[in-house]
Amino acid sequence: MTDEKFFELLKYERELAEKGYKIIAGVDEAGRGPLAGPVVAGCVIFPSEGPFPKANDSKKLSEKAREKLFDEITSMALAWGVGIVDNNTIDEINILEATHLAMRKAIEACDIKPDIAMVDHLTIKGYEGEQFPLTHGDALSVSIGCGSIIAKVTRDRMMIELAKEYPGYGFEKHKGYGTRAHYDAIRELGISPIHRKSFLKKIH
């Protein structure tokens, strides 16, 4: 990432700092779309003056790059937290409500309360602190991009471990997303305990 691009990704953090916000959180989720596994949110808190790692949207990065940035983010941040909501809860309350819950959990898991939370696209329902929703925030803001990486890496690691518990589905490869191989495995093996039944009504 060039210095110019990195400077652009700090635009919103700078604007919030100019308004007096000193402790800024970036919040994003991973796993809204998969057929199996949890939805995971990541929250990363930086001081408004930085330092900030050169990070953005986790979906644009290789797995190796995400893992490297995960270590940089967690060492540079003032605080960071993860919120996890399992598949059974997703089925009970729906994926959108589960995403809000995961984001609240991620913020609450941090040792420091932010002055404001920058959130990718959503306004977090039930969160009483100040928020700054930003559409495509994971690609436009370093803080949200860092939250995205924390969420994605955490969830991918969980799915790799769950693949050992529920072999044959290929969770270590597709991470629960609806690939052809995943659907074929469901038809052959049936629905596992970590599948989202509400996402599989046609099969179930």
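Notes on the structure in this doc start here. (Residues numbered from 1 in each chain as written. Predicted model: local features only at pLDDT ≥ 70, side-chain atom pairs only at ≥ 80, totals over all residues. Heavy atoms only, no water.)

**What about the sheet that holds strand 4 (residues 116-120)?**
Counted only if it meets this: By the convention used here, strands pair only if DSSP detects at least 2 bridges between them. Strands here mean DSSP runs of E at least two residues long; helices mean DSSP runs of H or I at least four residues long; both are numbered from the N terminus. Axes, fitted as lines to C-alpha atoms, cover a helix only where it is in contact. Angles between the N-to-C directions of the axes lie from 0 to 180 degrees.
One open sheet holds the 5 strands; their spatial order is 3-2-1-4-5, and the pairing between them is mixed. This sheet does not close on itself; its edge strands, each paired only once, are strand 3 (79-85) and strand 5 (131-134). Pairs of neighbouring strands in the sheet enclose a mean axial angle of 20°, with direction left out of account. The sheet contact formed by strand 4 and strand 5 spans 4 bridges and is parallel. Its bridge partner lying in strand 5, Met118 is registered against Phe132.

**Re the environment of Glu63**
Quick reminder of the rule: Relative accessibility decides the category of a residue: with a 1.4 Å probe and only protein chains considered, values under 20% of the type maximum give buried, values over 50% give exposed, and everything between is partly exposed.
Following the sequence through the fold, Glu63 ends up in helix 3 (residues 63-76). On the basis of relative accessible area, Glu63 is assigned to the partly exposed category, the value being 41%. Spatially, the C-alpha atom of Glu63 lies 8.0 Å from that of Val153, the residues being 90 residues apart in sequence.

**Quick look at helix 5 (residues 95-108)**
Rules: In a helix, the anticipated span is given by 1.5 Å times the number of residues less one. Pairs of residues are marked as contacts when any of their non-hydrogen atoms sit within 4.5 Å. Definition of a polar contact: a pair of N or O atoms within 3.5 Å, with one able to donate and the other able to accept a hydrogen when the atoms are protein atoms, and with sequence-neighbouring residues admitted only if both atoms are side-chain atoms.
For helix 5, spanning 14 residues, the distance from its first C-alpha to its last is 20 Å, which sits close to the expected 20 Å at 1.5 Å a residue. Within the sequence span of helix 5, burial applies to Ile95, Ala98, Thr99, His100, Ala102, Met103, Ala106 and Ile107. Tucked inside the fold, the buried residues of helix 5 contact strand 1 (23-30), strand 2 (39-47), strand 3, helix 4 (87-93) and strand 4. Residue Asn94 occupies the N-cap position of helix 5, its side-chain oxygen lying 3.0 Å from the main-chain nitrogen of Leu96.

**Observations concerning the state of the cysteines**
Each disulfide is one covalent bond, formed between the sulfur atoms of two cysteines. Put simply, the rule reads: A pair of sulfur atoms, both from cysteines and within 2.5 Å, is called a disulfide here.
Taken as a whole and judged by the stated rule, the model has 0 disulfides. Cysteine Cys43 remains unbridged, with the sulfur of Cys110 as its closest cysteine sulfur at 3.7 Å. On the accessibility criterion, Cys43 (0% relative accessible area) is buried.

**Observations concerning the side chain of Thr99**
Residue position: Thr99 is located in helix 5. Using a relative accessible area of 0% as the deciding quantity, one classes Thr99 as buried. For Thr99, the side chain forms a polar contact with the main-chain oxygen of Ile95, separated by 2.8 Å. In contact with Thr99, other than residues within four places in its own chain, are Glu29, Arg32, Val39 and Leu122.

Note that all results are geometric; they support no functional claim without further evidence.
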